Amino acid sequence: AQSVTQPDIHITVSEGASLELRCNYSYGATPYLFWYVQSPGQGLQLLLKYFSGDTLVQGIKGFEAEFKRSQSSFNLRKPSVHWSDAAEYFCAVGVPNSGNTPLVFGKGTRLSVIA
Amino acid sequence: KAGVTQTPRYLIKTRGQQVTLSCSPISGHRSVSWYQQTPGQGLQFLFEYFSETQRNKGNFPGRFSGRQFSNSRSEMNVSTLELGDSALYLCASSLDGASTDTQYFGPGTRLTVL
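Residues numbered from 1 in each chain as written. Chains lettered and ligands numbered in written order. Predicted model: local features only at pLDDT ≥ 70, side-chain atom pairs only at ≥ 80, totals over all residues. Heavy atoms only, no water.

1. Regarding the sheet that holds strand β1 (residues 5-7) of chain B
By way of backbone hydrogen bonds, the strands of a sheet pair with one another, either parallel or antiparallel. Residue and element names in this part refer to chain B. Selection criterion: Pairing between two strands is assigned when DSSP locates at least 2 bridges connecting them. Strands here are runs of E lasting at least two residues and helices are runs of H or I lasting at least four, both read from the DSSP assignment and numbered beginning at the N terminus. Interaxial angle, 0 to 180 degrees, is taken between N-to-C directions of lines fitted to C-alpha atoms, where a helix line uses only the stretch in contact.
Read from one edge of the open sheet, four strands run β1-β3-β8-β7, paired in antiparallel fashion. The strands lining the two open edges of the sheet, one partner per strand, are β1 and β7 (64-68). Direction aside, the axes of adjacent strands within the sheet are offset by 20° on average. Pairing between β1 and strand β3 (residues 19-24): three bridges, direction antiparallel.

2. Digging into the interface of chain B and chain A
Note the following rule: It only takes one pair of heavy atoms within 4.5 Å for two residues to be counted as in contact. When two components associate, each loses some accessible surface as probed by a 1.4 Å sphere; the sum of these losses over both components is called the buried area. Polar contact criterion, stated in full: a pair of N or O atoms within 3.5 Å, where within protein one must be able to donate a hydrogen and the other to accept it, and residues adjacent in sequence count only if both atoms are side-chain atoms.
With 21 residues of chain B at the interface, the matching set in chain A holds 22 residues. Interface area for chain B against chain A, summed over the two sides, is near 1700 Å², with a carbon-plus-sulfur share of 52%. The largest contributions to the chain B side of the interface with chain A come from Leu43, Ser99 and Phe105 of chain B, which together make up 32% of the buried area. Counting the contacts that link chain B with chain A gives four residue pairs in polar contact (both at pLDDT 80 or more). Listed by contribution, the elements that provide at least two residues to the side of chain B that touches chain A are β4 (31-38), β5 (42-50), β6 (53-57) and β9 (87-94) of chain B.

3. Quick word on the pattern of salt bridges
A side chain of one charge can pair with a side chain of the opposite charge if their charged atoms are brought near each other. Put simply, the test is: In what follows, salt bridge is the name for a side-chain nitrogen of Lys or Arg lying within 4 Å of a carboxyl oxygen of Asp or Glu. Between buried and exposed lies partly exposed: a residue is buried under 20% and exposed over 50% of the maximum accessible area for its type, with that area taken using a 1.4 Å probe on protein chains only.
Per the stated rule, a full pass over the model turns up nine salt bridges over all chains. Across the pair Glu82 of chain B and Arg63 of chain B runs a salt bridge whose closest N-O atoms are separated by 3.6 Å. With Glu82 of chain B in the loop between β8 (74-78) and β9 and Arg63 of chain B in the loop between β6 and β7, the pair connects residues that are 19 residues apart, well separated along the chain. For Glu82 of chain B, a relative accessible area of 43% puts it in the partly exposed group. Through salt bridges with shared partners, a single ionic network connects Glu64, Glu66 and Arg77 of chain A.

4. With respect to the environment of Cys23 of chain B
All names here are of chain B. Looking at the secondary structure, you find Cys23 in strand β3. Placed eleven residues apart in sequence, Cys23 and Ile12 show a C-alpha to C-alpha distance of 18 Å. Contacts of Cys23, omitting those with residues within four sequence positions, involve Val4, Thr5, Val32, Trp34, Arg73, Ser74 and Cys91.

5. Observations concerning the packing of aromatic side chains
Spelled out, the test is: Paired rings are identified among Phe, Tyr and Trp, the last through its six-membered ring, by centres lying within 6.5 Å, and are further divided according to the angle between planes into stacked (under 30 degrees), edge-to-face (over 60) and tilted (the rest).
Inspection of every chain in the model, using the stated rule, returns 15 aromatic pairs over all chains. Ring centres 6.3 Å apart and planes at 45° place the aromatic pair Tyr50 of chain A and Phe74 of chain A in the tilted group. Placement of Tyr50 of chain A in strand β6 (residues 44-50) and of Phe74 of chain A in strand β9 (residues 73-78) is noted, with a sequence separation of 24 residues between them. A centroid spacing of 5.2 Å and a plane angle of 65° characterise the contact between Phe60 of chain B and Phe64 of chain B, whose relative ring orientation is edge-to-face. Taken individually, Phe60 of chain B and Phe64 of chain B each receive the classification buried, so the pair is uniform in this respect. Grouping aromatic residues by their ring pairs yields a cluster made of Tyr32, Phe34, Tyr36, Phe51 and Phe105 of chain A together with Tyr35, Phe45 and Phe105 of chain B.

This is how it looks when you write it as C-alpha cells:
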C-alpha cells in the first residue's frame, strides 16, 4: 500500500522568502501525486498534480513541485511567500490505473508567515 | 458553479448520541468521498459513494455509515458517539471518482463530542 510522509509538522518563513515543503512517498511504481492547501475554516484546495511527463509541475498561486523518482519525493516550492500563503499543506498519493482507489494523504505541514 | 456544501458546519453532541452530516456535491459530480480529519491522524478516508453505491470503505468501525441519494447528495451517520469521534468531517466530490479526477472539498463539519 502507498504511504506519504511530510517530515515537517510546522514551518515558519518570512514574507518574501522562498519556501520548500517536503513530501516523500512510498509506492512500488510512479504514483499520482497531489498537493492540496487548507486555509483556516476551509476545505482542501488542489494546488497542483503530477501524473506523468515533465517532472516540474506548475500550479496555482505561484506554486510548483518537482517529482524526483530517485528520491521518492515531490517537494512543493514557491519563490516568494506572501502572508496569505499561511495555511496547512497536504501531499497526497494516488494509485495509477486503479479506478477509484482513494488518495492517501500525508499528515500535513503547517506554514506560518511572519513579517 | 456552486462548490461542495456541507451542513451543518458545527455540531456539539454528547457521548452515546448519533449524528447525521450532509454533503451536496458540485452539480454533475457523481462521486462523493468522506474523510475524518484530526490533529493526530490527519485525513483518514471513511468511504466513497458513486451512483448510490458504496465503492470503497476505509478502516472505521461499523458505527460509521453513509448513503448517497439519486441526486448525488450524500449523508454520513455516526451512531453511539465516542469522545474520539470529535473531528472535522470533510466531504469531497469528483466527476466519477477516478484516480485522475480532481477532488473538490467542502468546508467540513466540525463535530465536538462531549
